[in-house]
Amino acid sequence: MLLLTGATGLVGTPLLRRLVAARVPVRCLVRDPKRLGPERVRVQIALGDLTDPPSFRNALRGVKTVVHLAGTVRDQAAGSIEELNGIATWRMVQAAERAGVQHFIFLSALGAGAHNRARYLRAKALAEQAVADSGLRHTIVAPSLVYAPGDRWSTLLGRLALAPVVPLPGGSGARSQPIWAEDVADCLLALIQAPADGAVASARHELGGPDALSPSEAAHVVLRAAGRERPVLPVPTFLTSRGLRVAEALAKSRTPVTWDEAELLQVPMTTRHGTAHAEALGVVPQRMAVVLGAV
Ligand SMILES: NC(=O)c1ccc[n+]([C@@H]2O[C@H](COP(=O)([O-])OP(=O)(O)OC[C@H]3O[C@@H](n4cnc5c(N)ncnc54)[C@H](OP(=O)(O)O)[C@@H]3O)[C@@H](O)[C@H]2O)c1
């Protein structure tokens, strides 16, 4: 039995589709089973929450492989970014050790580091450390920004493009190597199916797409694909940070972008390995412009 967390997310959805097609027995730890869509009748469901460690024990019964994707780039009512990404992963690892899990696969992020300016990437560094320090056979996967047609960022940019100029939070920003969620899912499936004694199953895999893009270059690709090419206006960091903090105080969880999310555009999410780690898993990442139909 494989336990998948985050099965309803951008990466979890295409991964779950592949696991079901490959007839891998899967249990999903979810907050709301309805969000699994049609796949919910083909998997076991364990109701749970990252803020509720007792729910992990139940979910892990009889599990040999854990694929831990659940995480968040914004604070939730029941837990902070640090609790949901860092402490929850540490607790999941402990519960997995107690349950006799054989392989723990964790989705971290490029740029994860204890001294990174972004809270999310500091929390991911703590989580990576907990996984690496465990006695479990483990695999850490660190992707750059992950995208898919119609995802939250594309939808937001599409809305902003109703104006003649598209404001982009956070100055000129740093480069990332956007990678398609379907390509990440293919890499994860390759790792799940890799032989237990092979080097590939236990390495740290950095996954980037073929193009290193600034936030405004990526925004232009998305806008071109949507047929709404507009000038993009980078908004200086100090204005973005103040504006978004006020918006968060007023709109709470309904705010379309938080400062923590916008700050990630300021942090490089690139790998010197380019697409090599993905290709070593048999996956050739697609160009963003091709996936979104912007060529
Ligand atoms: N997207 C990116 O650009 C990117 C880049 C690098 C790394 N990553 C990492 O990759 C992983 C998957 O990312 P993603 O883009 O697929 O994320 P996503 O689309 O935001 O989905 C997050 C998933 O985590 C679940 N989740 C969130 N809070 C939870 C909680 N308190 N309890 C239980 N489940 C919870 C969500 O379930 P609900 O349906 O209940 O909300 C959803 O299934 C994450 O760990 C993320 O940090 C993402």
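See the structure shown above.
Throughout what follows, the structure given in this document is the object of discussion. (Residues numbered from 1 in each chain as written. Predicted model: local features only at pLDDT ≥ 70, side-chain atom pairs only at ≥ 80, totals over all residues.)

**A look at the nonpolar core**
No. 1: In this structure, Leu 4, Ile 105, Val 184 and Leu 188 are the most contacted members of the largest nonpolar core, which totals 86 residues.
No. 2: Per-element accounting of this core gives the leading share, 8 residues, to helix α6 (residues 181–193). (Core = buried A, V, L, I, M, F, W, Y, C linked by C-beta atoms within 7 Å. Buried ≥ 20, exposed ≤ 12 C-beta atoms within 10 Å, placed from the backbone. Helix = DSSP H or I, 4+ residues; strand = E, 2+ residues; numbered from the N terminus.)

**Quick word on the site of the ligand**
No. 1: Around the ligand there are 24 residues in total, and Thr 8, Gly 9, Leu 10, Gly 71 and Ala 109 lie nearest to it.
No. 2: Residues that form the shell around the ligand fall into these classes: 12 nonpolar, 8 polar and 4 charged. (Near = placed C-beta within 6 Å. Nonpolar A, V, L, I, M, F, W, Y, C, P; charged D, E, K, R; others polar.)

**Topic: the environment of Pro 14**
No. 1: Mapped onto the secondary structure, Pro 14 falls in helix α1 (residues 12–21).
No. 2: Among all residues touching Pro 14, those that are not within four sequence positions of it are Ala 181, Glu 182 and Ala 185. (Contact = placed C-beta atoms within 7 Å.)

**Description of the sheet that holds strand β2 (residues 26–30)**
Through backbone hydrogen bonds, the strands of a sheet pair up, either in parallel or in antiparallel fashion.
No. 1: If you trace the 7 strands from one edge of the open sheet to the other, you get β3-β2-β1-β4-β5-β6-β10, paired in parallel fashion. Both edges of this open sheet fall to β3 (44–47) and β10 (204–207), since each of them pairs with a single strand only. With direction set aside, neighbouring strand axes in the sheet form an average angle of 15 degrees.
No. 2: In terms of strand pairing, strand β1 (residues 2–5) meets β2 through 4 bridges, oriented parallel. Across the sheet, residue Leu 3 finds its bridge partner in β2, namely Arg 27.
No. 3: Against the sheet, α6 engages β4 (65–68), β5 (103–107), β6 (137–143) and β10, with an angle of about 165 degrees to β6. (Pairing = 2+ DSSP bridges. Axes fitted to C-alpha atoms, helices over the stretch in contact; angles between N-to-C directions.)

**Comments concerning α1**
No. 1: Regarding α1, the residues found buried are Gly 12, Pro 14, Leu 15, Leu 16 and Leu 19.
No. 2: Tucked into the core, α1 has its buried residues touching β1, β2 and α6.
No. 3: Note on α1: the residue one or two positions beyond its end, Arg 23, has a positive phi of about 60 degrees.

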